[in-house]
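Structural characterization, general
Read off the chains here:
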Amino acid sequence: AFHRMMRNGAASDPGCLAKLAVVEALRALEAESDDLFLAGLHYVQREKVWGGTVDTAPSLRGACAMALAQAGYPDVYFELVTLLADSEPPARRAAVQTLTYLGGERSELLLRTKALSGDPKPDVLGLCFTGLMTLAPDRSLEFVAKFLDDADPAVAEGAALALGESRTPQAFEILADVWKRNPDEDFRRG
């Protein structure tokens, strides 16, 4: 059914909702379906909207990435590198969440690389910061703290939230120092 819906695209499954449900069911059953998950991870479904088309498959790609990670797919990191550069923000968010789920130094390095290379959506970077503080809080503290002075207030806020969520005394000291030296009232209220 999954592959048939992929062949027929939006005609048989607008919004990829059925394909996503199949992937979620297979994940819940812990089924070994690496080929199906790989197909979904690379699937793009263009659907017509006013003024053009839109890709409706980024959530499917993200769910397939997590399914591969949970199944222990050996080349999952190679797939996640591609997903980190996906054109759609939900797919990039899912890649970051999957890396955080996987843990370890490889995930940490990819999250750092993504944070340093930036993203058009600041919340993707915020997820990177949170992932880093979850995976390696001691090693990531200074790295994430550098983003507190980012020119984009949303990126700085993401770093502050990640540090605050870590609930470490060192993070509190860093946040207190930034709060004292930042005259922006919006920042101080946040």
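Conventions we followed
- Residues numbered from 1 in each chain as written.
- Predicted model: local features only at pLDDT ≥ 70, side-chain atom pairs only at ≥ 80, totals over all residues.
- Heavy atoms only, no water.
- Helix = DSSP H or I, 4+ residues; strand = E, 2+ residues; numbered from the N terminus.
- Buried < 20%, exposed > 50% of the residue type's maximum accessible area, 1.4 Å probe, protein only.
- 1 Å grid on protein atoms, 1.4 Å probe; cavity = no way out; pocket = protein on both sides within 12 Å on 5 of 7 lines; lining within 4 Å.
- Points joined across faces, edges and corners; volume = space filled by probe spheres on them.
- Nonpolar A, V, L, I, M, F, W, Y, C, P; charged D, E, K, R; others polar.
- Expected span 1.5 Å × (residues − 1).
- Phe/Tyr/Trp six-rings, centres within 6.5 Å; stacked < 30°, edge-to-face > 60°.

What follows covers unusual backbone geometry. Despite not being glycine, Cys16 shows a phi value in the positive range, around 60 degrees. Structurally, Cys16 can be placed in the loop between helix H1 (2–8) and helix H2 (17–28). Residue classification places Cys16 among the buried positions, given a relative accessible area of 2%. At Glu30, a residue that is not glycine, the phi angle is positive and equals roughly 55 degrees. Relative to the helices and strands, Glu30 resides in the loop between H2 and helix H3 (34–41). Look at Glu30 and you get exposed, because its relative accessible area is 70%.

A word on the environment of Leu17. Tracing the sequence through the fold places Leu17 in helix H2. By relative accessible area, which is 61% here, Leu17 ends up exposed. A sequence separation of 157 residues divides Leu17 from Ile174, and the C-alpha atoms of the two residues are 44 Å apart.

In this section: the layout of surface pockets. The space that makes up the second largest pocket amounts to roughly 160 Å³. Forming the walls of the second largest pocket are Arg27, Glu30, Ala31, Glu32, Asp34, Phe37, Ala67, Gln70 and Ala71. Of all the secondary-structure elements, those providing two or more residues to the lining of the second largest pocket are H3 and helix H4 (58–70). Counted by class, the lining of the second largest pocket contains 4 nonpolar, 1 polar and 4 charged residues.

The subject of this paragraph is H4. Its 13 residues place the ends of H4 19 Å apart at the C-alpha level, agreeing with the 18 Å of an ideal helix rising 1.5 Å per residue. H4 sits mainly inside the fold: 11 of its 13 residues count as buried. When H4 is considered as a whole, its buried residues turn out to be Pro58, Leu60, Arg61, Gly62, Ala63, Cys64, Ala65, Met66, Ala67, Leu68 and Ala69. Following H4 by one or two positions, Gly72 has its phi on the positive side, about 75 degrees.

A few words now on the packing of aromatic side chains. The relation between two aromatic rings is expressed through the spacing of the ring centres and the mutual angle of the planes. A complete count under the given rule lists 2 aromatic pairs for this structure. With centroids separated by 4.7 Å and ring planes inclined at 40 degrees, the aromatic side chains of Phe129 and Phe147 adopt a geometry described as tilted. Taken together, the residues span a long stretch of sequence, with Phe129 in helix H8 (residues 122–135) and Phe147 in the loop between helix H9 (137–145) and helix H10 (153–166) at a distance of 18 residues. Both residues of the pair, Phe129 and Phe147, count as buried. Summarising the aromatic geometry, the rings of Phe143 and Phe147 are spaced 5.5 Å apart at their centres and angled 65 degrees between planes, so their arrangement reads as edge-to-face. Classification of Phe143 as buried rests on a relative accessible area of 10%. You can call Phe147 buried: its relative accessible area is 11%.

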